[in-house]
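Summary of structural features
Each chain is listed here by its residues.
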Amino acid sequence: MLNNILMLLTVILCVLSPLLSVCQVPLAEGKSVQQTIDILHKKLEQLGAVKQGNFTVDCETYHATGNASGQPTKLLYVMHNSETPLSCLALFEGGPCLTADGNFDVLMIKLKSHFQNAKGHKVESRGSRYRYCDFLIKVGAVTMSSSARGISVEVEYCPCVVPGDCWNLMKEFMQSFLGPSIPELPSVFATKPEGLYVPADCVDTMTQYLELFSKVRKQQVLPGTTR
Amino acid sequence: MTVFMRRSSQRAEKMADAMNVGVNLEAFSQAISAIQALRSSVTRVFDSLKDGMKNKETLEGREKVFITEFQDNLQSVNRDLNELERLSTLVGRPSESHPLHNSGLLSLDPVQDKTPLYSQLLQAYKWSNKLQYHAGLASSLLNQQSLKRSANQMGASAKRRPKVQPSTLVLPPQYVDDVISRIGRMFPDMSIELFRPNGTSAVLLVTLGKVLKTIVVMRSLFIDRTIVRGFNENVYSEDGKLDIWSKSNYQVFQKVTDHATTALLHYQLPQMPDVVVRSFMTWLRSYIKLFQTPCQRCGKFLQEGLPPTWRDFRTLEAFHDTCRQ
């Protein structure tokens, strides 16, 4: 379940779980987000992939109150992934992270006095899930407060546990349906002491999604993409 | 009556076919028509009796006519009967050696379409004869090349030679343990654990780096069966024992399992099974770079979504399954 790659296109962000990197992949000319997604689906189906349902990844932002003035507010992100429906992940950007069960959301409501939910900043990616041989491909539309911001593509090579071993293999696969513009190795591994040769886990995937969503938040709204 | 005669003649012909003509068909059909003639003359006798005396002027005249007619009819019956007897001697006996013996009598069942027992029986016998013949041919061809992996000598020569003990099949478990641990020490990135869950047969759990786990079922020092699964897959079943039956969830490791089975059949040396195990482990170790090596033939990593899973038995080069020819 490791070694996923997420890619957000449109300008796109690619999330390679556990690899995440940003690369500029231009949208097909004159096509909207939905049309580009349809093009990708068609390419995948031509390859021989089989649709296996839908997926959702979302991220909510909480401001930590009670900080001493002058210090930047710490942001807590709570993320959910339909791949692990019974858990949720809470993390500070670049900081510690916690894997908890579904009741953590209720706990956050109870902690309203310490953490305030920034409702307008919820980012989510929704779309279809494809299976091709041992690969799992998720193509979703990234939306922030119901405006489409881009496309995320996640590619996972299930049998392999160590990202460094299969990076070239995954690059070849992505080239077959995404074309020549492929993201670089995600930075999440550069920070680890052993680098690429340590088994990846789902925290790495979610870290990549978080980076992606942060980039989306900083981006301007694309003209003509509000739904 | 003629309808009945026709049906019985059809049946008789079928029986004749089955019973491998020791029967004179010509005489047979003549005999059947003789039966028909006999029956009609007998009917005439009874008809004339039923009709009684015809109307004539005098009583004597009537009686005379009646008696003459009656005698004529009886004589024709006699003639026909003699004819039939003559023909029946010509018909001959059905051949004794008909292949189905009593089951051939099943052909007399008139309802062919509802219970086609006889025709099915014939087909079954023909099929089994053909099977026996082909099996004989196959065994003579296969015996030309010895496929025995063990040094067990069996056969007709056992009487002349002194009884050869199947030495390599009965090895002390300690020896097997020693051989396996020596091989395990040979390769630093491969760890071998030995279990004996069922009796004296060893079951090895080979972990290759962080790539795969293999379960190898042995019979003394011969490799019997192998199953390959991913590094993150569970090797134990629910009751805590080694799961030696379920296939991997990933297609790539299912393919590697097939290749490993081919390998264990390929490496054969009946007198030196420890060399065989060492060769097999060397071959298996080449999978440490399963996901990193491109195919030697086409240069690509993926073919139909699979990495190069075949390892050549001599050179240990990586090929896709479809590229190896």
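Refer to the structure presented above.
In this report, we go over the structure that sits alongside the text. This structure is a prediction, so every number in the text was calculated from the model and none was measured. (Residues numbered from 1 in each chain as written. Chains lettered and ligands numbered in written order. Predicted model: local features only at pLDDT ≥ 70, side-chain atom pairs only at ≥ 80, totals over all residues. Heavy atoms only, no water.)

What to know about the sheet that holds strand 2 (residues 203-208) of chain B
Residues and elements named next belong to chain B. Applied cut-off: At least two DSSP bridges between two strands are needed for those strands to be called paired. Runs of H or I in DSSP of at least four residues are treated as helices and runs of E of at least two as strands, each being numbered from the N terminus. For helices, the fitted line uses only the C-alpha atoms of the stretch in contact; every axis is such a line through C-alpha atoms, and the angle between N-to-C directions lies from 0 to 180 degrees. The contact rule is simple, with two residues in contact once any of their heavy atoms fall within 4.5 Å.
Here four strands make up an open sheet; going across it, the order is 1-2-3-4 and the pairing antiparallel. A single partner strand is all that each edge strand has here, and the edge strands are strand 1 (190-195) and strand 4 (222-230). Averaged over neighbouring strand pairs, the angle between their axes works out to 20 degrees when direction is ignored. Pairing geometry for strand 2 and strand 3 (residues 212-219), over six bridges, is antiparallel. Across the sheet, L205 pairs through a bridge with I215, a residue of strand 3. Each of strand 3 and strand 4 is contacted by helix 6 (residues 251-266), which is oriented at about 165 degrees to strand 4, the strand it contacts most. Seen against the sheet, helix 7 (residues 273-285) touches strand 1, strand 2, strand 3 and strand 4 and runs at an angle of roughly 30 degrees to strand 2.

Considerations on unusual backbone geometry
In plain terms, the rule: Burial classification: accessible surface area is computed with a 1.4 Å probe over protein chains only, and a residue below 20% of its type maximum counts as buried, one above 50% as exposed, and the rest as partly exposed.
Within the chain, S145 of chain A stands out as a residue other than glycine whose phi angle is a positive 45 degrees. A positive phi angle is found at L316 of chain B, which is not glycine, with a value near 60 degrees. Position of L316 of chain B relative to the elements: it lies in the loop between strand 5 (310-311) and strand 6 (318-319). Relative accessible area serves as the criterion here: at 30%, L316 of chain B is assigned to the partly exposed category.

Some points on the pattern of salt bridges
Operational definition: Think of a salt bridge as a Lys or Arg side-chain nitrogen and an Asp or Glu carboxyl oxygen that are within 4 Å of each other.
With the rule as written, the count across this model stands at 10 salt bridges over all chains. Between K138 of chain A and E154 of chain A there is a salt bridge, and its shortest N-O distance comes to 3.6 Å. Linking K138 of chain A in strand 9 (residues 135-144) with E154 of chain A in strand 10 (residues 147-157), this pair joins segments that are 16 residues apart in sequence. Here K138 of chain A matches E154 of chain A in class, with each residue buried. Here K255 of chain B ties to D321 of chain B by a salt bridge, and the two come within 3.5 Å at their closest N and O atoms. Of the two residues, K255 of chain B sits in helix 6 while D321 of chain B sits in the segment after strand 6, which places them 66 residues apart along the sequence. Relative accessible area serves as the criterion here: at 23%, D321 of chain B is assigned to the partly exposed category.

Focus on the pairing of strand 2 of chain B
All names here are of chain B. With six of six residues buried, strand 2 lies mostly within the body of the structure. Burial along strand 2 is two-sided: the face carrying V203, L205 and T207 and the face carrying L204, V206 and L208 are both buried. Bridge count for strand 1 against strand 2 is six bridges, and the pairing is antiparallel. Across the sheet, the residue bridging to L194 is L204, located in strand 2.

Looking at the nonpolar core
What counts, and what does not: We call a set of buried Ala, Val, Leu, Ile, Met, Phe, Trp, Tyr and Cys residues a nonpolar core when their side-chain atoms join them within 4.5 Å.
Within the largest apolar cluster, 71 residues are counted, with the highest numbers of intra-cluster contacts made by F135 and I137 of chain A together with M281 of chain B. Tallying contributions element by element places helix 3 (residues 163-178) of chain A first for this core, with eight residues. Those residues in contact with M281 of chain B that lie beyond four places of it in its chain are I183, F187, M190, I192, L204 and V206 of chain B.

Some details on the interface of chain A and chain B
The following threshold applies: For the purposes of these results, a polar contact is taken to be a pair of N or O atoms within 3.5 Å, where, inside protein, one atom must be able to donate a hydrogen and its partner to accept one; residues adjacent in sequence count only when each atom of the pair is a side-chain atom. Classification convention: Asp, Glu, Lys, Arg as charged; Ala, Val, Leu, Ile, Met, Phe, Trp, Tyr, Cys, Pro as nonpolar; all other residues, Gly among them, as polar.
With 18 residues of chain A in contact, the opposing surface of chain B contributes 17 residues. At the boundary of chain A with chain B, the tally comes to six residue pairs in polar contact (both at pLDDT 80 or more). With six residues, the top contributor of residues to the side of chain A that touches chain B is helix 3 of chain A. Among the residues forming the side of chain A that touches chain B, the class breakdown is 14 nonpolar, one polar and three charged.

Quick notes on the packing of helix 1 (residues 33-47) of chain A against helix 3 of chain A
Residue and element names in this part refer to chain A. In plain terms, the rule: For classification purposes, an angle smaller than 35 degrees is called roughly parallel, one larger than 145 roughly antiparallel, one from 65 to 115 roughly perpendicular, and anything else oblique.
It is at 9 Å that the axes of helix 1 and helix 3 come closest, and there the two elements cross at 120 degrees. On the basis of their axis angle, the class for helix 1 and helix 3 is oblique. Residue-level contacts link L40, K43, L44 and L47 of helix 1 to F173, S176, F177 and L178 of helix 3. Within the contact of helix 1 with helix 3, the residues separate by chemical class into six nonpolar, one polar and one charged.

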